[in-house]
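What follows is the residue order along each chain.
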Amino acid sequence: MDNQSIAKIFEEIGNILEIQNQNPFRFKAYYRAAQTIENLSQELSEIYKADKNGLTKIPGIGRALADTIIEILETGKSRGHDALVKTLPEGFLNMLDIRGVGPKKVKLFYTELAVKNIVELKEAAEKRLLQTLPGMGEKSESEILAAINEYLSTSHDRRLLFDAMQQADEFVAHLGDGGSGGKNSATSKLIEAIEPCGSLRRRAETVGDIDILCASKNPEKIMERYVSYPEIAKILSQGSTKSSVVLKSGIQVDLRVIDKESFGAALQYFTGSKEHNVRTRDIAKRKGLKLSEYGVFDNDKMIAGKTEKEVYNAIGLPFIPPEMRENRGEIELAEKLGVKGEKNMPKLIELKDLRGDLHVHSDWSDASQDIETVAMAYKKAGFDYIAMTDHSAFIGITHGMDENRIKQQWKEIDKLNKKLAPFKILKGCEVDIHKDGTLALPDEILKKLDIVIVAVHSAFTLPEPEQTARIIKALKNPYVKILAHPSGRLINKRPAYKVDMDAIIKTAVENDVALEINSSPSRMDLQDIYVKRAKELGAKFAINSDSHHSSHMEYLKFGVFVARKGWLEAKNVINTMPIS
DNA sequence: GCCGTTTTCGGCCCGACTGTTTTCAGTCG
């Protein structure tokens, strides 16, 4: 059983205990554990196999939860969970996904109206039965009905970070220029600072909603401006400092307006993650302080709040970069280092550290531009080198290169290298890994290439042992330098192929093969949690665009986001190095 | 249910907004 499935079981146990009105700290323990497990970079089964007491070393997992995990690992299920699930009808917990409906309400609907799922809840609302219940009224009923209709009509996929960033930028532009295309300076003067926060600022690969923080002395004006955005489909709430809307695109946008003196504290709060916040607030509390979005307070005296660094330092921690705030060990590290150890926090890689791109396509395979056009674009953008890595000939790949065409391409590259020097085009190839782990090109060719990238483009559904063995065999080829998009997933479209990622990482380390962080916004592969794990195991990485058009070099920043979320520094990434 | 340079027992983050109320519970982040 994989971590995601186990996390889901814990989430359900938490939900049911909450509906049953049990001790809040008990069900919260299950939620916290679910969250932690979902974020783990190593499979629970591996942790348990390596150390029988390893599970209880995970923060938030004690003896009882560890035993439940062990039971699930050994039997495929938890009797406790099964018993709880049996107390509720099928589909019951889905009602919690309706906005405005929580544990208290579903319990009320069930006990009073025998409502068992979303469809029955909709029927009850349409029959105007909900408003007859205690604590409910006409307004609540119609809001729930609207939320159900919205839920049933929209996709529940989280947005790609790429899409969310675009929408956030447009929204910020609207607020900033008053919707007048930059001419309305009266409105922009209202805004002293503005920044998208939440999972977007943490550069999570997908984003559930967009959070925007704004500093202003005149929140009412900002709120007016906010709800006038033409792309708004529905206003969910509108207060004096906080409003929520849903855009026509279906994404929710929350705006918080705050005084400039509190901007740092509000950034910290609004960026999350939730679990990170809970822990930082807990640390503050244990020091006799209080941390909220308004600042750090010693009794009633505000001692920090203007900047995030000030806030972290005030509670005894070094500044923690937003990308790291996922409760994946950053709190423990920060507590260990303390304010004085701030310089020893990871110095996360930045886009400007990249000097080349080691995975680039041209019209020699499935891209549209010729090599010179592509190379010129990179040169102009300030890069020192690229590796031309067109596809090897293989079923399913358009215009893949066979040995003869590869040799022809080398001549072209030699010619261009003279012309474009000191910019350098490396001779490369994205070589297919066959189902049996052999490569699509012979070693005689591979050894003459500067960069051999290997990749899986077929037989995605092999069972885990075969898929793992296939990739491991390829990594052991002495000429292989990089493993492209190691998991193969396309976000929201295609799941990762089933592999033992720990085994692949270890093999890559042993054979000095770099793991690619593919920057394509729908790949972002290797995933951040595995990047962090791989770094711990000593892996090297390559942040590549996999560009099929020179404009795709813009994607590299998404690869850098992933790298930062995996705590990488420039020295961990081979294409931050000079070419020689 | 978890956890411990305040505790092995007694704590467990903090605040905004809404609707239904007449002071607050529920939900959300």
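Residues numbered from 1 in each chain as written. Chains lettered and ligands numbered in written order. Predicted model: local features only at pLDDT ≥ 70, side-chain atom pairs only at ≥ 80, totals over all residues. Heavy atoms only, no water.

**Q** Quick one: what's the story with the overall build of chain A, residue by residue and with numbers?
**A** Helices and strands together make up the secondary structure of chain A, namely 23 helices and 17 strands. At 26 Å, chain A has a C-alpha radius of gyration in line with the 25 Å of a compact globule built from 580 residues. Per-residue burial for chain A yields a buried fraction of 52% across its 580 residues. By sequence separation, contacts in chain A at least 24 residues apart represent 67% of the contacts at least 6 residues apart. About 26300 Å² of surface is accessible on chain A, with carbon and sulfur atoms providing 51% of the total. Looking at chain A, you have 84 positive and 83 negative side-chain charges, and the mean spots of the two groups are 3 Å apart. (Helix = DSSP H or I, 4+ residues; strand = E, 2+ residues; numbered from the N terminus. Rg over C-alpha atoms; globule rule 2.2 N^0.38 Å. Buried < 20%, exposed > 50% of the residue type's maximum accessible area, 1.4 Å probe, protein only. Contact = heavy atoms within 4.5 Å. Areas by Shrake-Rupley, 256 points an atom, 1.4 Å probe, with all protein chains shown as cover. Lys, Arg positive; Asp, Glu negative; His and termini not counted. Charge placed at Lys NZ, Arg CZ, Asp CG, Glu CD.)

**Q** Tell me about the protein's contact with DNA strand B, and please be specific about residues and values.
**A** Around DNA strand B lies a shell of 48 residues, among which Gly62, Lys105, Gly137, Lys139 and Tyr294 are the nearest. Protein-proximal atoms of DNA strand B, defined as those within 4 Å of the protein, fall in sugar or phosphate at a share of 75%. Within the side chain of Arg26, a nitrogen or oxygen atom sits 3.3 Å from a phosphate oxygen of DNA strand B. Here a phosphate oxygen of DNA strand B and a backbone polar atom of Lys105 are 3.0 Å apart. For the surface near DNA strand B, the elements supplying multiple residues, two or more each, are α2 (24-38), α4 (63-75), α6 (103-113), α8 (138-153), β5 (232-238), β7 (252-258), α14 (274-286) and β8 (290-292). Residue composition of the surface near DNA strand B, grouped by class: 15 nonpolar, 15 polar and 18 charged. (Near = heavy atom within 4 Å. Polar contact = N/O pair within 3.5 Å; in protein donor to acceptor, adjacent residues only side chain to side chain. Nonpolar A, V, L, I, M, F, W, Y, C, P; charged D, E, K, R; others polar.)

**Q** Describe the side chain of Asp528, with residues and values.
**A** If you trace the backbone, Asp528 turns up in helix α22 (residues 528-536). Not counting the four nearest positions on each side in its chain, Asp528 is found in contact with Glu205, Arg328, Val562, Lys565 and Gly566.

**Q** Any chance you could break down the sheet that holds strand β14 (residues 451-455) for me, citing the residues and the numbers?
**A** Within a beta sheet, neighbouring strands are joined by backbone hydrogen bonds and run either parallel or antiparallel to one another. Strand order in the open sheet formed by seven strands is β11-β12-β13-β14-β15-β16-β17, with parallel pairing between adjacent strands. Across the chains shown, the open sheet's two edge strands, defined by having one partner strand only, are β11 (356-360) and β17 (541-544). Bridge analysis of strand β12 (residues 385-388) against strand β13 (residues 424-432) gives four bridges, and the strand direction is parallel. If you follow Ala387 over to β13, its bridge partner there is Leu426. Most of the contacts of helix α17 (residues 371-380) go to β12, to which it runs at about 150°, and overall it touches β11, β12 and β13. Relative to the sheet, helix α23 (residues 556-565) contacts β11, β16 (514-518) and β17, its axis offset from that of β17 by approximately 145°. (Pairing = 2+ DSSP bridges. Axes fitted to C-alpha atoms, helices over the stretch in contact; angles between N-to-C directions.)

**Q** Residue-level account of the pairing of strand β4 (residues 209-216), with values.
**A** In terms of burial, β4 is largely enclosed, as seven of its eight residues are buried. Bridging between strand β2 (residues 191-196) and β4 involves five bridges; their strand directions are antiparallel. Among the inter-strand pairings, Ile191 is bridged to a residue of β4, identified as Ser216.

**Q** Account for the domain arrangement of chain A, with residues named and values stated.
**A** Taken domain by domain, chain A consists of domain 1 (3-152), domain 2 (159-258), domain 3 (262-344) and domain 4 (351-576). Each side of the interface is counted separately: domain 2 has nine residues, and domain 4 has eleven residues. At the boundary of domain 2 with domain 4, total buried surface from both sides reaches about 920 Å², with 70% on carbon and sulfur atoms. It is Leu160, Phe162 and Glu205 in domain 2 that bury the most area against domain 4; as a group they hold 55% of the surface buried on that side. Taking the shortest distance from any N to any O, the salt bridge between Arg489 and Glu205 comes out at 2.9 Å. Here the side of domain 2 that touches domain 4 is composed, by residue class, of five nonpolar, one polar and three charged. (Domains from an automatic or database assignment. Buried area = accessible area lost by both parts, 1.4 Å probe. Salt bridge = Lys/Arg side-chain N within 4 Å of Asp/Glu carboxyl O.)

**Q** Outline the side chain of His276, listing residues and values.
**A** Looking at where His276 falls in the secondary structure, it is placed in helix α14. With residues near it in sequence (within four places) discarded, His276 still touches Gln268, Tyr312, Ile320, Arg325, Asn327, Glu330 and Ile331.

**Q** Tell me about unusual backbone geometry, and please be specific about residues and values.
**A** The amide bond that connects Gly272 to the next residue, Ser273, takes the cis arrangement and shows omega of 0°. Residue placement: Ser273 occurs in the loop between α13 (263-271) and α14. In this structure, Asn492 takes a positive phi of about 70° despite not being glycine. Its place among the elements puts Asn492 in the loop between β15 (482-483) and α21 (501-510). Taking the relative accessible area as the measure of exposure, Asn492 reaches 43% and is therefore partly exposed. Even without being a glycine, Met524 presents a positive backbone phi close to 40°.

**Q** Could you give an account of the pattern of salt bridges, naming the residues involved and the relevant values?
**A** Evaluation of the coordinates by the stated rule reveals 33 salt bridges. In this structure, Glu308 and Arg325 form a salt bridge, with 2.8 Å as the shortest nitrogen-oxygen distance. A residue pair is termed long-range when its members are at least 10 positions apart, and Glu308 in helix α15 (residues 308-314) and Arg325 in the loop between α15 and α16 (330-337) qualify at 17 residues. There is no split in this pair, since Glu308 and Arg325 are both buried. One salt bridge in this structure joins Asp528 and Arg328, with 3.5 Å as the shortest N-O distance. Residue Asp528 is found in helix α22, and its partner Arg328 is found in the loop between α15 and α16; the two are separated by 200 residues along the sequence. Arg328 shares its class with Asp528; the two are buried.

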